[in-house]
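Summary of structural features
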Amino acid sequence: MWGYVGRRLLLAIPTLLGASIIVFAMVHLAPGDPISAILPVDASKEQIEDTKRAYGFDKPLPVQYLKWLGRVVQGDLGKSIATRRAVILDVRDSLANSLVLAVSSSLLAFGAGIALGLLAAFHQSRALDKLASAIAVIGVSVPHYWAGIILIIIFSVQLNWLPAMGASSDGGLVGYLRHMALPTIALALIPLGVIARVTRSAALDILNQEFVLALRAKGLARARVFKHVVKNAAPQIITVLGLQFGFQLGGSVLVEAVFSWPGTGYLLNLAIFQRDMPVLQGVILVLATFFVLLNLLVDVLQTYIDPRIARH
Amino acid sequence: MSVIALPQELSTVAGAPMSYWRTVAWRLSRDRATLVAGALLLVIALSAMLAPWIAPYDPSAGSIRLRLAPVGTPSHVLGTDEQGRDMLSRLLWGGRMTLVAGLTPVVVAFLVGTVLGVMAGYAGGLVNTLVMRTMDIFYAFPAVLLAIAISGALGPGLPNTLISLSIVFIPRVVRVAESATVQVKGLEYVAAAKASGASVWQILRHHLLANILGPVLVFASTQVSLSIILAAGLSFLGLGVTPPSAEWGLMLNTLRQSIYVNAVVPALPGLAIFVTSMAFNLVSDGLRDAMEIRA
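Reading guide: rules and limits
- Residues numbered from 1 in each chain as written.
- Chains lettered and ligands numbered in written order.
- Predicted model: local features only at pLDDT ≥ 70, side-chain atom pairs only at ≥ 80, totals over all residues.
- Helix = DSSP H or I, 4+ residues; strand = E, 2+ residues; numbered from the N terminus.
- Buried ≥ 20, exposed ≤ 12 C-beta atoms within 10 Å, placed from the backbone.
- Contact = placed C-beta atoms within 7 Å.
- Expected span 1.5 Å × (residues − 1).
- Core = buried A, V, L, I, M, F, W, Y, C linked by C-beta atoms within 7 Å.
- Axes fitted to C-alpha atoms, helices over the stretch in contact; angles between N-to-C directions.
- Left-handed = near helix turned anticlockwise from the far one by under 90°.
- Nonpolar A, V, L, I, M, F, W, Y, C, P; charged D, E, K, R; others polar.
- Parallel < 35°, antiparallel > 145°, perpendicular 65-115°, else oblique.
- pLDDT = per-residue confidence, 0-100.

Quick look at the overall build of chain B now. A tally of helices and strands in chain B yields 11 helices and zero strands. Counting from the amino terminus, helix and strand elements in chain B follow one another as α-α-α-α-α-α-α-α-α-α-α. Each of the 295 residues in chain B was classed as buried or not, and the buried ones make up 47%. Taking as baseline every contact in chain B between residues at least 6 positions apart, the subset at least 24 positions apart corresponds to 71%.

Structure below.
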């Protein structure tokens with residue numbers, strides 16, 4: 001088991017390095033001189049020279065990359081062009097807000113999605129199964145940014161129940177929760193559909209196996225059969241849950257933009273329009289690292305539940 | 001990843017044995033949801049293609065007096081937008097843009113991804129490791145984040161949207177094509193072809209491609225809906241198609257400010273994205289079921 005964890009950790013390193021190369025390359029993808037992408041427009045000549053030396057722009061690209069990577073590993077993601085603050089601080093603050101949203105929407109989606117998927121599997125080709133399948137298809141087809149706008153139209157504009165924008169300015173916990181409600185629902189829609197689908201098909205796969213027939217034949221109560229099925233379908237479902245949680249963290253850009261929720265997505269959006277390359281790079285690098293580590297955790301967890309998976 | 005249904009495994013329908021594709025067609029003809037969604041897609045595609053001829057107004061000509069007219073206004077059936085432009089005309093024209101922006105990356109990814117995947121799968125060894133590990137790197141980013149990151153770095157515009165979305169979808173197709181190739185490569189008839197002296201090209205063309213194209217195509221079709229949502233999403237963020245072009249995501253973005261004046265009209269472009277994306281999902285689901293492919 002620990003050998004496997006170690007091996008997986010080692011395998012994550014080249015992936016992370018590759019991701020860092022992509023993030024590094026983004027400055028060079030941007031149209032124009034990389035210096036102008038990093039410095040404010042009104043930077044003085046000295047500043048330009050200093051930056052050139054500091055970043056090693058006079059050196060060949062591989063050297064530049066290694067220098068940059070060296071600083072990144074130490075937690076130095078550079079300074080924001082817009083706020084002159086260290087990028088790592090901006091990212092840290094926004095990451096907290098994004099995490100809150102990712103957790104709340106995941107909890108909602110996981111609970112509802114698993115329930116829906118199991119209901120559909122155990123009521124095959126009945127009305128309930130049709131309904132669950134329909135909700136699943138809607139969930140994976142709906143553009144979540146549009147769903148966010150629809151939620152705002154219904155609950156903020158028409159009914160005036162919930163706030164449409166931002167996180168809470170004051171009003172304490174209740175205010176914060178009220179601001180969270182709509183973005184949480186909007187963000188939960190896609191994983192809800194995906195999880196309902198996967199849960200349904202995983203449970204159906206198990207239900208169609210012979211041992212379930214044997215359990216039923218020997219007269220086991222429905223609830224106990226249910227337990228067996230869920231237990232056997234769990235590894236497959238857990239993988240998807242882990243991946244979906246990662247998507248929630250990295251994929252909330254559009255929903256955060258709709259609700260002006262001050263998370264990483266909002267920060268990223270802001271950085272793109274201010275052409276604030278250090279912030280853009282910082283956000284993406286941090287989110288990608290989170291995502292890779294999360295996938296790793298999912299793999300390990302899956303192996304822990306079902307040791308047969310570690311065989312390769 | 002994908003299990004390929006080989007023709008000999010197929011059951012015979014109604015007594016007489018049927019060819020694989022006839023069986024698929026027969027199954028599709030009995031799948032009502034897929035048929036309805038397919039018809040809907042046809043209507044959407046036709047109306048987008050015929051937009052220049054069937055749109056009642058010029059999509060970029062507005063009238064200040066007629067801003068945000070409600071749905072059902074006699075001269076403007078679907079109302080007008082915040083600049084007084086006819087919504088129906090803009091939706092028709094916008095569909096062209098959204099479909100191009102959503103479909104092109106998947107087509108590119110299908111072509112490039114299949115070549116790379118078959119190459120990696122068939123060659124094995126170092127080539128495989130090199131291609132597949134490179135693709136793994138792109139899996140370090142959630143799709144939305146990768147698309148926005150690349151578009152954000154490249155700047156707005158339709159060409160950049162197409163580039164960034166192609167980069168998002170290529171690794172996915174490569175993975176499916178590679179695993180299908182490895183699976184087919186291990187089958188006995190490939191070994192038999194090799195033993196009988198077939199060239200690499202003959203094996204690739206007749207034995208590998210013929211058997212993996214179906215599953216890879218179906219996989220690609222499952223990605224169209226996501227691609228459309230992302231393409232419109234990039235425009236929604238201001239990273240995709242630029243004004244004054246009509247594009248569903250962009251229309252949603254500019255109309256967003258008007259939800260306090262008119263709640264229905266701003267919702268229409270998003271509804272169009274939703275219906276189109278759902279139709280694509282239903283059709284690809286139906287295809288997958290009919291072709292007995294498990295993805």
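Next comes the rest of the write-up.
Take the overall build of chain A next. For chain A, the helix and strand inventory stands at 13 helices and zero strands. The secondary structure elements of chain A, listed N-terminal to C-terminal, are α-α-α-α-α-α-α-α-α-α-α-α-α. Oriented by its inertia axes, the alpha-carbon framework of chain A measures out at about 85 × 55 × 35 Å. Counting over 312 residues, chain A shows a buried share of 41%. A sequence separation of at least 24 residues applies to 71% of the contacts in chain A between residues at least 6 apart.

Here the focus is helix 4 (residues 61-73) of chain A. Across its 13 residues, helix 4 of chain A extends 18 Å between first and last C-alpha, which sits within 8% of the 18 Å expected from 1.5 Å per residue. Directly beyond the C-terminal end of helix 4 of chain A, a positive phi value near 85 degrees is found at G75 of chain A.

A separate point is the nonpolar core. Within the largest apolar cluster, 157 residues are counted, with the highest numbers of intra-cluster contacts made by L280 and V283 of chain A together with L146, A147, I148 and V173 of chain B. Filtering out sequence-adjacent residues up to four positions away, V283 of chain A remains in contact with V91, T264, L267, L268 and A271 of chain A.

The amide bond that connects P243 of chain B to the next residue, P244 of chain B, takes the cis arrangement and shows omega of 5 degrees. Of note, P244 of chain B is situated in the loop between helix 9 (200-236) and helix 10 (248-255). Of note, S260 of chain A is a non-glycine position whose phi angle comes to about 45 degrees, a positive value. Take S260 of chain A: it is sitting in the loop between helix 11 (253-259) and helix 12 (264-273). On the basis of neighbour count, S260 of chain A is assigned to the partly exposed category, with 15 C-beta atoms found within 10 Å.

Residues and elements named next belong to chain A. One can find L119 in helix 5 (residues 87-122). Distance from L119 to P143, taken between C-alpha atoms, is 25 Å for residues 24 residues apart in sequence. Residues in contact with L119, not counting those within four places in the same chain, are L128 and A132.

Residues and elements named next belong to chain B. With respect to the element layout, R175 can be found in helix 7 (residues 158-185). The exposure class of R175 is buried, given the 21 C-beta atoms found within 10 Å. R175 sits 54 residues away from G121 along the chain, and the two C-alpha atoms are 9.4 Å apart.

What follows is about the packing of helix 5 of chain A against helix 10 (residues 222-250) of chain A. All names here are of chain A. Two elements in contact, helix 5 and helix 10, have axes separated by 9 Å at closest approach and are oriented at 145 degrees. The handedness of the crossing between helix 5 and helix 10 is right-handed. Packed against helix 5, whose contacting residues are S98, L99, A102, S105, S106, F110 and I114, the element helix 10 presents I237, L241, Q244, F245, Q248 and L249 at the interface. Here the contact of helix 5 with helix 10 is built from residues that sort into eight nonpolar, five polar and no charged.

This brings us to helix 8 (residues 188-195) of chain B. The buried fraction of helix 8 of chain B amounts to zero of the eight residues, a small share that puts the element mostly on the outside. The first or second residue beyond helix 8 of chain B is G197 of chain B, which carries a positive phi of 90 degrees.

The next thing to look at is the packing of helix 1 (residues 2-29) of chain A against helix 4 of chain A. Residues and elements named next belong to chain A. The interhelical angle for the contact between helix 1 and helix 4, taken along N-to-C directions, is 110 degrees, at an axis separation of 11 Å. Our classification of the angle between helix 1 and helix 4 gives roughly perpendicular. Helix-helix and strand crossings are classified by hand; for helix 1 and helix 4 the assignment is right-handed. In this structure, helix 1 contributes S20, I21 and F24 to the contact, and helix 4 contributes Y65, W68, L69 and V72. Its residues placed into classes, the contact of helix 1 with helix 4 shows six nonpolar, one polar and no charged.

Turning next to the confidence of the model for chain B. Residues and elements named next belong to chain B. Per-residue pLDDT for chain B has a mean of 83; in total, 93% of the residues score no lower than 70. Contacts of residues 5-14 to residues separated by more than four positions or lying in other chains number 12 contacts, the stretch itself having pLDDT below 50. With a pTM of 0.85, the predicted complex shows an ipTM of 0.82.

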